[in-house]
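Coordinate analysis (summary)
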Amino acid sequence: MPLITYIEHNGREHKVEVPLGHSVMQGAVDNAIPGIDADCGGECACATCHVFVDPAWLGRTGTPDAQEKSMVSFASTAQANSRLACQIQVTAALDGLVVRMPEAQH
Amino acid sequence: MHVATDHPAWTTPLAALDPSHPGLFQADEMWPYFARLRRDAPVHFAESPFFGPYWSVTTWKDIVQVELNPQAFSSDSGFGGISIRDRPKGLELPMFIAMDPPKHDEQRKVVQPIVAPGNLARLQDLIRARVCHILDGLPRGETFNWVEHVSIELTVQMLATLFDFPFEDRRKLSYWSDSATMIAGAGGHVDSEATREAIFAECLAYFTALWNQRVNAPPRPDLISMLAHGEATRGMTPREFLGNLILLIVGGNDTTRNSISGGVLFLHENPGEFAKLQANPALLDSAVPEIIRYQTPLAHMRRTALVDTELHGQRIRAGDKVVMWYISGNRDETAIEAPDRFLVDRKRARQHLSFGFGIHRCVGNRLAELQLRILWEEILRRFPRIEVVGEPKRVFSSFVHGYTDLPVRIPA
């Protein structure tokens, strides 16, 4: 299973294996990693699984669709590498992915 | 699901079922009507004597589908906006929640920073000091109205801070809020739309004076200054300024007000849950969102179909009014386990519809949670219990789901 590194805003790292086909959000929730709220359960409807994708991985995580872009744009912590973790599907190519979390989910 | 088959909710022909009657909500009797619709007609058409023809969307899944399709389901005030009650022609109230993209997005982004994580962190100590002051001033061994003394007081204080509004005049905010949401001629102080407009004019005049001070001063982190300096909002018409004020006033106090009152009621009715919370205050992580789910302080949001479309097998035509009943979706047994139970340690308690989903999701949701959390932390530190000693009085509305009176007593 691909290994994903989640880094909390305070710097604490969590390395977990996430099954293929799951979302990066599910990987965090299933492993009780703090900092991902996922209020809508993965519908791209709440923007509370906001992460910053490590720039080295941006080419492999795909591009957000219009709905995701619009939800992310309301987060005051948004940056150019912001994504919603529920919209990133785990594939073999994402083995080693690193994502960081904002100060808080909103 | 509990089905009492002799209840009118289960025996009325579907075509005659109208779950939107404000009297049902005031009597707290709407629940079985929504259970019936979820089971027998999840997307349902009705005619209301108050609100005209409308569609009810009652299940979690269908509500999410409407929320995520603003291209087909408009929020625009020109079509009637976001509540089941149409405002009279010519008296529309534009506000960003009742706009579609791109204008919605532009205006929302002007005020969004008020609830940025750093700002919320700065508000924590202030909220706690106010909560402690209010709680320490409550009478012991005496009956009083929790709504008046705690729920309204705490939320208008917060709102006054967000607007940087003169503190001694803060009760004007709850007065304007109630005036905006009240059904005209139903026994309250708003006896007609003309009365409502006169009250709105007072509100606009008061806030215009604040705007004029702030527009000529350097930008500050309060909502009026943000609107006065924001690129997408500084050129608003007076009517649009009024609309956005009403949105921020209602959204910023009435909703949290009713979740604060609801929490007291639910924990009184479920002493076992209160005991769990006393034993382990860390359960507030799930208890706070559970209170917000269980209360659902706004019972619905409304959209207007822009195109002919199909939803759960029903044909909805362009121009139709579509009501997403959050209060029903939050009790949908196909999405939430044992949804009629109030459980402070509910798994995935954050997954509820009370804040809405999609681009119109509640701007202030984290501030609402923060206020509830601090309030309950301090209640648990002080009071062995809060007894509800009389019947709560509920609001005559199928939009605002709340209370005017909650008689309580804190043991001496």
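Note that the coordinates shown come from a computational prediction; the quantities given were computed from them, not determined experimentally. (Residues numbered from 1 in each chain as written. Chains lettered and ligands numbered in written order. Predicted model: local features only at pLDDT ≥ 70, side-chain atom pairs only at ≥ 80, totals over all residues. Heavy atoms only, no water.)

1. Quick look at the overall build of chain B
Here is the rule we go by: To qualify as a helix, a DSSP run of H or I must reach at least 4 residues; to qualify as a strand, a run of E must reach at least 2; elements of each kind are numbered from the N terminus. The globule rule used for comparison is 2.2 Å times the number of residues to the exponent 0.38, while the radius of gyration itself is calculated over C-alpha atoms. Think of it in three bands: with a 1.4 Å probe and only protein chains considered, a residue is buried below 20% of the maximum accessible area for its type, exposed above 50%, and partly exposed in between. The Shrake-Rupley method, run with a 1.4 Å probe sphere, supplies the accessible areas, and residue values consider only the shown protein chains as cover. Only four residue types enter the charge count: Lys and Arg as positive, Asp and Glu as negative, with His and the chain ends excluded. To locate a charge, take atom NZ for lysine, CZ for arginine, CG for aspartate or CD for glutamate.
Scanning chain B from N- to C-terminus turns up 15 helices and twelve strands. Taken over C-alpha atoms, the radius of gyration comes to 21 Å for chain B, in line with the 22 Å a tight globule of 412 residues would show. Seen along its three principal axes, the alpha-carbon backbone of chain B occupies a region of about 55 × 55 × 40 Å. Split into buried and exposed, the 412 residues of chain B put 59% on the buried side. As displayed, chain B has an accessible area near 16,100 Å², and 54% of this comes from carbon and sulfur atoms. On chain B, the mean spot of the 45 positive side-chain charges and the mean spot of the 49 negative ones are 4 Å from each other.

2. Side note on the packing of aromatic side chains
All names here are of chain B. Just so we agree on the cut-off: The criterion for an aromatic pair is that two Phe, Tyr or Trp rings (for Trp, the six-membered ring) have centres within 6.5 Å, with stacked assigned to planes under 30 degrees apart, edge-to-face to planes over 60 apart and tilted to the rest.
If you walk through the whole model with that rule in mind, you get 19 aromatic pairs over all chains. Relative to Trp55, the ring of Phe45 lies with its centre 5.2 Å away and its plane at 65°, an arrangement referred to as edge-to-face. Placement of the pair is Phe45 in strand 1 (residues 43–48) and Trp55 in strand 2 (residues 52–57), with a sequence separation of ten residues. Owing to a relative accessible area of 7%, Trp55 belongs among the buried residues under this scheme. Relative to Phe51, the ring of Phe50 lies with its centre 5.7 Å away and its plane at 35°, an arrangement referred to as tilted. Judged by its relative accessible area of 36%, Phe50 is partly exposed.

3. Looking at the interface of chain B and chain A
Applicable threshold: Contact between two residues is taken to exist if any of their heavy atoms lie within 4.5 Å; hydrogens are not considered. Buried area is understood as the total, over both parts, of accessible area removed when two parts are fitted together, assessed with a 1.4 Å probe. Salt bridge, as used here: a side-chain nitrogen of Lys or Arg that lies within 4 Å of a carboxyl oxygen of Asp or Glu. Note on residue categories: nonpolar means Ala, Val, Leu, Ile, Met, Phe, Trp, Tyr, Cys or Pro, charged means Asp, Glu, Lys or Arg, and polar means any other residue, Gly included.
With 21 residues of chain B in contact, the opposing surface of chain A contributes 21 residues. Both sides together, the interface formed by chain B and chain A hides about 1,800 Å², and carbon and sulfur atoms give 58% of it. Together, Leu68, Pro117 and Arg366 of chain B form the three largest contributors to the area buried by chain B at its contact with chain A, with a combined 29%. Notably, a salt bridge pairs Asp39 of chain A with Arg361 of chain B, separated by 2.8 Å at the nearest N-O pair. Ranked by residues supplied to the side of chain B that touches chain A, first place goes to helix 5 (residues 103–111) of chain B with four residues. Looking at side-chain class alone, the side of chain B that touches chain A contains eight nonpolar, seven polar and six charged residues.

4. Describing the pattern of salt bridges
All names here are of chain B. The full count for this structure, using the stated rule, is 46 salt bridges over all chains. Here Lys89 ties to Glu92 by a salt bridge, and the two come within 3.9 Å at their closest N and O atoms. Judged by its relative accessible area of 74%, Lys89 falls in the exposed class. On the accessibility criterion, Glu92 (23% relative accessible area) is partly exposed.

5. Some remarks on the environment of Glu337 of chain B
All names here are of chain B. If you trace the backbone, Glu337 turns up in the loop between helix 14 (326–329) and helix 15 (365–382). For Glu337, a relative accessible area of 67% corresponds to the exposed category. Distance from Glu337 to Lys347, taken between C-alpha atoms, is 9.1 Å for residues ten residues apart in sequence.

6. Things to note about the sheet that holds strand 1 (residues 3–7) of chain A
Residue and element names in this part refer to chain A. Note the cut-off: Two strands are counted as paired when DSSP detects at least two bridges linking them. An axis is simply a line fitted to the C-alpha atoms; with a helix, the fit covers only the stretch in contact. Between two such axes, the angle follows the N-to-C directions and lies from 0 to 180 degrees.
The mixed open sheet is built from five strands, whose spatial order is 2-1-5-3-4. The sheet is open, and its two borders are formed by strand 2 (13–17) and strand 4 (82–84), each paired with just one other strand. Adjacent strand axes in the sheet meet at a mean angle of 35° when their direction is disregarded. As defined by bridge partners, strand 1 adjoins strand 5 (residues 98–100) across three bridges and the pair is classed as parallel. Residue pairing in the sheet places Tyr6 in a bridge with Val99 of strand 5.

7. Comments concerning the sheet that holds strand 12 (residues 407–409) of chain B
All names here are of chain B. Pairing is antiparallel in the open sheet, where three strands are placed in the order 4-12-9. If you trace the sheet from one side to the other, it starts and ends with strand 4 (143–145) and strand 9 (387–388), each paired once. Where strand 4 lies against strand 12, three bridges are found, and the strand directions are antiparallel. Considered in strand 12, the bridge of Asn145 is made with Pro407. Packing against the sheet, helix 7 (residues 146–163) makes contact with strand 4 and strand 12, and its axis sits at approximately 45° to strand 4.

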